Amino acid sequence: MAGRINDDDVKAVRDAVPIDAVVSEYLQLRSAGGGNLKGLCPFHDEKSPSFQVSPSKGLFHCFGCQEGGDTIAFVMKIDHLSFSETVERLAALAGITLRYEEGGYNPTHQRGERVRLVEAHKAAAQFYVEQLDSAEAEIGRKFLAERGFDQSAAEHFGVGYSPAGWDHLTRYLRGKGFSDKELTLSGLSQEGRRGPIDRFRGRLMWPIRDITGEVVGFGARKLRDDDNGPKYLNTPETAIYKKSQVLYGIDLAKKEIAKTSRAVVVEGYTDVMACHLAGVTTAIATCGTSFGGDHIKILRRLLMDNASAEVVFTFDGDAAGQKAALRAFEDDQKFAAETSIAITPGGMDPCDLRLAKGDAAVASLVETRTPLFEFAIRHVVSRHNLETPAGRAAALDEAAPIVANIKNIAIQHESAVQLAGILGILDTQFVVKRVAQLARWARDRGGRGPAAPQDRRPTPSYDAAPSHPSGPALNLRSPAHRTERELLKLALQRPELVSPAFDAYGADEFTAPPYAAVRQVIEEAGGAEQGAQNASDYLAQVREAAPNDTVRALVTELAVEPIMRKTVDEIYAGEQLIRVRLRAVDRRILDVQGTLARLGGPHADPEQLAAVQNELWVLQQYAQSLRNHGAAAL
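Not measured: the values here are computed from a predicted model.

A. Spatial organisation of the sheet that holds strand β10 (residues 215-222). Strand order in the open sheet made by the 4 strands is β6-β9-β10-β11, with antiparallel pairing throughout. A single partner strand is all that each edge strand has here, and the edge strands are β6 (160-162) and β11 (232-234). Ignoring which end each strand starts from, the neighbouring axes of this sheet average 35° apart. Relative to β11, β10 runs antiparallel, the two being bridged by 3 bridges. Its bridge partner lying in β11, Arg 221 is registered against Tyr 232. Against the sheet, helix α11 (residues 269-277) touches β9 (203-209), β10 and β11, its axis set at about 70° to β9.

B. Expanded view of empty space enclosed by the protein. Following the criterion strictly, the structure yields 1 cavity of 30 Å³ or more and no others. By volume, the largest cavity amounts to about 40 Å³. Together, Phe 157, Pro 207, Arg 209, Tyr 248, Gly 249, Asp 251 and Leu 252 line the largest cavity. When contributions to the lining of the largest cavity are tallied by element, the ones reaching two or more residues are β9 and α10 (250-260). Looking at the lining of the largest cavity, its residues break down into 4 nonpolar, 1 polar and 2 charged.

C. Region of the structure containing the sheet that holds strand β1 (residues 30-33). Read from one edge of the open sheet, 5 strands run β1-β2-β3-β4-β5, paired in antiparallel fashion. Looking along the sheet, the strands with just one partner apiece sit at the ends: β1 and β5 (68-70). The mean inter-strand angle of the sheet, taken between neighbouring strand axes irrespective of direction, is 25°.

D. Region of the structure containing the pattern of salt bridges. Under the definition given, this model contains 37 salt bridges. A salt bridge links Lys 489 to Glu 561; the nearest nitrogen and oxygen atoms lie 3.0 Å apart. In this pair, Lys 489 sits in helix α20 (residues 479-493) while Glu 561 sits in the loop between α25 (549-560) and α26 (570-599), placing the two residues 72 residues apart along the sequence. Residue Lys 489 shares its accessibility class with Glu 561, and that shared class is buried.

E. Representation of a negative patch on the surface. On the surface, Glu 130, Asp 133, Asp 150 and Glu 155 cluster together to form a negatively charged patch. With respect to the helices, strands and loops of the structure, Asp 150 is situated in the loop between α6 (138-146) and α7 (151-157). With a relative accessible area of 47%, Asp 150 lands in the partly exposed category.

F. Main features of the pairing of β1. The pairing of β1 with strand β2 (residues 36-39) spans 3 bridges and is classified as antiparallel. Looking at β2, one finds that Gly 33 is bridged to Asn 36. Here β1 folds back onto β2 in antiparallel fashion, the turn holding 2 residues, of which Gly 34 has a positive phi close to 65°.

G. Fine view of the environment of Ser 340. Within the fold, Ser 340 resides in strand β15 (residues 338-343). Along the sequence, Ser 340 and Thr 314 sit 26 residues apart, while their C-alpha atoms lie 8.7 Å from each other. If we ignore the near neighbours within four places in the chain, the residues touching Ser 340 are Glu 310, Val 311, Val 312, Phe 313, Arg 369, Thr 370, Pro 371 and Leu 372. A polar side-chain atom of Ser 340 sits 2.8 Å from a polar atom in the side chain of Glu 310.

H. Seen up close, unusual backbone geometry. Of the consecutive residues Ser 499 and Pro 500, the connecting peptide bond is found in the cis state with omega at 5°. A positive phi angle, near 75°, is found at Gln 66, a position not held by glycine. Mapped onto the secondary structure, Gln 66 falls in the loop between β4 (59-62) and β5. Looking at Gln 66, the relative accessible area reads 9%, which means it is buried. Although it is not a glycine, Ser 261 sits at a positive phi angle of roughly 55°. On the secondary structure map, Ser 261 appears in the loop between α10 and β12 (262-266).

I. View of the packing of aromatic side chains. Inspection of every chain in the model, using the stated rule, returns 18 aromatic pairs. Ring geometry for Tyr 248 and Tyr 269: centres 4.8 Å apart, planes at 75°, overall edge-to-face. Taken together, the residues Tyr 248 in the loop between β11 and α10 and Tyr 269 in helix α11 connect sequence positions 21 residues apart. Tyr 269 shares its class with Tyr 248; the two are buried. Geometrically, the ring pair formed by Phe 291 and Phe 313 is edge-to-face, given 5.2 Å between the ring centres and 85° between the ring planes. On the criterion of sequence distance, the pair formed by Phe 291 in the loop between β13 (283-285) and α12 (293-303) and Phe 313 in strand β14 (residues 310-315) is long-range, its members being 22 residues apart. Each member of the pair, Phe 291 together with Phe 313, is buried. By way of ring pairs, the aromatic residues Tyr 26, Phe 43, Phe 51, Phe 60 and Phe 74 are connected into one cluster. Directly above the ring of Phe 43 sits Lys 77, whose terminal nitrogen or CZ lies 5.8 Å from the centroid. Its end group placed over the ring of Tyr 505, Arg 581 keeps NZ or CZ at 4.1 Å from the ring centre.

J. The nonpolar core, seen in detail. Judged by nonpolar contacts, the single largest core of 47 residues is most densely connected at Phe 51, Phe 74, Ile 250, Ile 257 and Leu 299. The leading source of residues in this core is α12, at 5 residues.

Cut-offs and rules
Residues numbered from 1 in each chain as written. Predicted model: local features only at pLDDT ≥ 70, side-chain atom pairs only at ≥ 80, totals over all residues. Heavy atoms only, no water. Pairing = 2+ DSSP bridges. Helix = DSSP H or I, 4+ residues; strand = E, 2+ residues; numbered from the N terminus. Axes fitted to C-alpha atoms, helices over the stretch in contact; angles between N-to-C directions. Contact = heavy atoms within 4.5 Å. 1 Å grid on protein atoms, 1.4 Å probe; cavity = no way out; pocket = protein on both sides within 12 Å on 5 of 7 lines; lining within 4 Å. Points joined across faces, edges and corners; volume = space filled by probe spheres on them. Nonpolar A, V, L, I, M, F, W, Y, C, P; charged D, E, K, R; others polar. Salt bridge = Lys/Arg side-chain N within 4 Å of Asp/Glu carboxyl O. Buried < 20%, exposed > 50% of the residue type's maximum accessible area, 1.4 Å probe, protein only. Patch = residues over 30% accessible without salt bridge, like charges linked within 9 Å, V, L, I, M, F, W, Y side chains within 5 Å. Areas by Shrake-Rupley, 256 points an atom, 1.4 Å probe, with all protein chains shown as cover. Lys, Arg positive; Asp, Glu negative; His and termini not counted. Charge placed at Lys NZ, Arg CZ, Asp CG, Glu CD. Polar contact = N/O pair within 3.5 Å; in protein donor to acceptor, adjacent residues only side chain to side chain. Phe/Tyr/Trp six-rings, centres within 6.5 Å; stacked < 30°, edge-to-face > 60°. Lys NZ or Arg CZ within 6 Å of the ring centre and 35° of its normal. Core = buried A, V, L, I, M, F, W, Y, C linked by side-chain atoms within 4.5 Å.

In structure tokens form, the structure reads like this:
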């Protein structure tokens, strides 16, 4: 087994792969000003973007959950990889050949489990694509053709064919160097009576890719009557495939979803293909499971919860389709985006609709959508007899809570008015007030106390790394804390503006312990002057010098957080240097004055008294000089 990756190669990988390019594979980023980018954090749920990326520094930081670090740290966290697996993946992306210490480069060294499983799926996908041209796969090509998909469509989506024999793929992957254990763990093979056999046999194969485009699983469609398996057979849950966390087509649709702020959710692989070929390139589908919370998280990071963002669900008009639509409505309020439903005519899915009426019909299906909450309301109301007062009252009792749950107050009000019209209740204000009352009761039952002040943060330990690093205990309304924070940001982001003066500042000049810890780390990394001379490695050295994850997270946060002035120059930097130093001198003057008061009296030691008086005089003169001459007096 190979040793650790050469440090120079790790640095080369870190420098070669832009952090914004990597992060953009997982979420939509927009300008945050000052050269930074922002988006919805992929590591915790949030309604407004607090996740920031600094391309120039190669760092990210979330001001909500305090996660942060460099490109390697981001990939490790989001894809649950080890350090070496992450570096290997990024090196492959950048075309960098890694060297391993303790024996040098070894092209056959053992790779991390996840990397190996991904490589096995990539090889399997290519194998299946090649098999689609075989004589045996004629039945698969016919299936595609009957649904309006030609060879170029199959190539675009990577559709392939799994041979009907017992172990064609298994033997092929063994020849590529994969072990039987890896093939079983990947879900591509399963245990047979005489060893591993292919899981998928004699089926049309759709590769299921994650948001970065890596193949992590397959969907297999039955083609023959003598196949006793289910109509669709998916990869089992593995280390790289969780069906509740993948969306088919997301790799092809993500850029258009981010661009148009719209996602179209369909029910199957062929529906995704039909939509994309018809020009609806934001179409995606779940993989053998209902649309749920983890799917919502994926879409929210791409949609950025814009006011105009929209998720359109397409369902058949039959009972099962209506049931699926109502299930989707249960999660409606987890989106800030508007959710709508498009019911396919005559019970046809998008694939059938394209065959019957062409591409234009599929595109118009999405345009004739109905708000999902309106669909849910009409579904509930349809169960009651609106011709009688009792029926209208019962329908109002059941439908009003649905409207009350709509978080957007403006939409809630409009929907209440609409509900009155649907029910035939002439007194519209009665319905509006009823809905508003239910909404207030729901909020009261939530039991939420007063919001915590935004300028207070939980207190972590700065002596040892906690299991879940969080922000420092700081009161950002304090002028002293604000100025100290600003000076540290300058020392990390623009060290040339504050050095060498900053390096003469002691940790005791920073009143907040977290800031004192960062000041100490900067000193241990060579100081701000080192940053001014060697900007490319400076932040990495400061982060490496941190004694624990808490301090390291704060360094990252301060390195990414925008400086509070549009024009950042020597004058502004000098102002921060003076304010921190002056407050430190004033604090010392108060201490010395207290000492002088305690020494006063008939029994005071004359020499000690004179020394304290002299120190007080020097401090007062220095404070006056700082006030009169500014940075020139430092």
